[in-house]
Amino acid sequence: MMVIFLMPADRRIRASARTRLVAVQVLYAQAINIKTINTKAINTKQHNDLFETLAIENNLSAMACTRAQAIVTHSTRFDDKIRATLDEKWAFDRLEVIVRVILQAATFELYTTDASPKTLVSDYIAMAGAFDLGPGIGLINAVLQRLIDDKIENKTENIDQK
């Protein structure tokens, strides 16, 4: 049996925010499963069942499901970028699991989509607030702002998702 920390679906939330929420929930489930059960990953059937359930509960379109799956599949590609923005007192591997997966999902989107950075930060900060992350909210905001500034300063183009 797998335990997952879920936020209630709210139909008033924009589809893009619901997509991000589903991606973070699946990433969180994977991280908890790996950490507490010490397996390599959730097996494909568990992953698909969880994803399908969350997609239905959050009323996601097929396109939104594809986007959420891309976030889940490629979220760790930019871990080094996140690490580079953290102060010495914040070791990436010691961050709370939910903080880490929110940062991974947000960073992936920042570097692979044309989504407005302001919207990304707003959605992920709202999500962090809903998870009641306390000081983690400020950390997420600071890291995302540094990544946005770095992307603008270096004129970094979006990277292909493949």
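Residues numbered from 1 in each chain as written. Predicted model: local features only at pLDDT ≥ 70, side-chain atom pairs only at ≥ 80, totals over all residues. Heavy atoms only, no water.

### A word on the environment of Gln-104
Worth spelling out the cut-off: Working definition: helices are DSSP H or I runs of at least four residues, strands are E runs of at least two. Numbering for both runs from the N terminus. We call a residue buried when its accessible area falls under 20% of the maximum for its residue type, exposed when it is over 50%, and partly exposed in between, using a 1.4 Å probe and counting protein chains only. Working rule for contacts: check all heavy atoms of both residues, and any pair within 4.5 Å makes them a contact. Two N or O atoms form a polar contact when they lie within 3.5 Å of each other; inside protein one atom must be a possible hydrogen donor and the other a possible acceptor, and for residues adjacent in sequence the pair counts only when both atoms belong to side chains.
Assignment of secondary structure puts Gln-104 in helix α5 (residues 97-112). By relative accessible area, which is 6% here, Gln-104 ends up buried. The sequence separation of Gln-104 and Thr-76 amounts to 28 residues, and the corresponding C-alpha distance is 6.1 Å. Residue contacts for Gln-104: discarding those within four places in its chain leaves Ser-75, Thr-76, Asp-79, Ile-82 and Phe-92. A polar side-chain atom of Gln-104 sits 3.1 Å from a polar atom in the side chain of Asp-79.

### Focus on helix α6 (residues 117-130)
Defined as follows: Every helix has an expected span of 1.5 Å times one less than the residues it contains. Within this analysis, the arc is defined by the directions that extend from the helix axis to the C-beta atoms.
Helix length check: α6, at 14 residues, gives a terminal C-alpha distance of 20 Å against a target of 20 Å (1.5 Å per residue), a fit within 8%. For α6, the full list of buried residues reads Leu-120, Val-121, Asp-123, Tyr-124, Met-127 and Ala-128. The buried residues of α6 occupy one face: seen down the axis, they fall within an arc of 165°. Exposed side of α6, more than 90 degrees from the buried face: Lys-118 and Ala-126 are the residues found there. Remark: Asp-132 follows α6 within two positions and exhibits a positive phi of approximately 55°.

### Notes on empty space enclosed by the protein
For the record, the criterion: Using protein atoms alone on a 1 Å grid, points that fit a 1.4 Å probe yet trap it form a cavity, whereas open point sets bounded by protein on both sides within 12 Å along at least five of seven lines form a pocket; residues with an atom within 4 Å of a point count as lining. Grid points are joined across faces, edges and corners, and a volume is the space filled by probe spheres set on the points. The classification used treats Ala, Val, Leu, Ile, Met, Phe, Trp, Tyr, Cys and Pro as nonpolar, Asp, Glu, Lys and Arg as charged, and all other residues, Gly among them, as polar.
According to the stated counting rule, one finds one cavity of 30 Å³ or more in the structure shown. Of the voids in this model, the largest cavity is the one considered here, and its volume is about 30 Å³. What lines the largest cavity is simply Ala-106, Leu-110, Pro-117, Leu-120, Val-121, Leu-144 and Ile-148. Those elements that provide at least two residues to the lining of the largest cavity are α5, α6 and α7 (135-153). Among the elements that make up the lining of the largest cavity, the one with the highest residue count is α6 (three residues). Classifying every residue of the lining of the largest cavity by side-chain character gives seven nonpolar, no polar and no charged.

It is worth stressing that arrangement in space is one thing and function is another; only the former is reported here.
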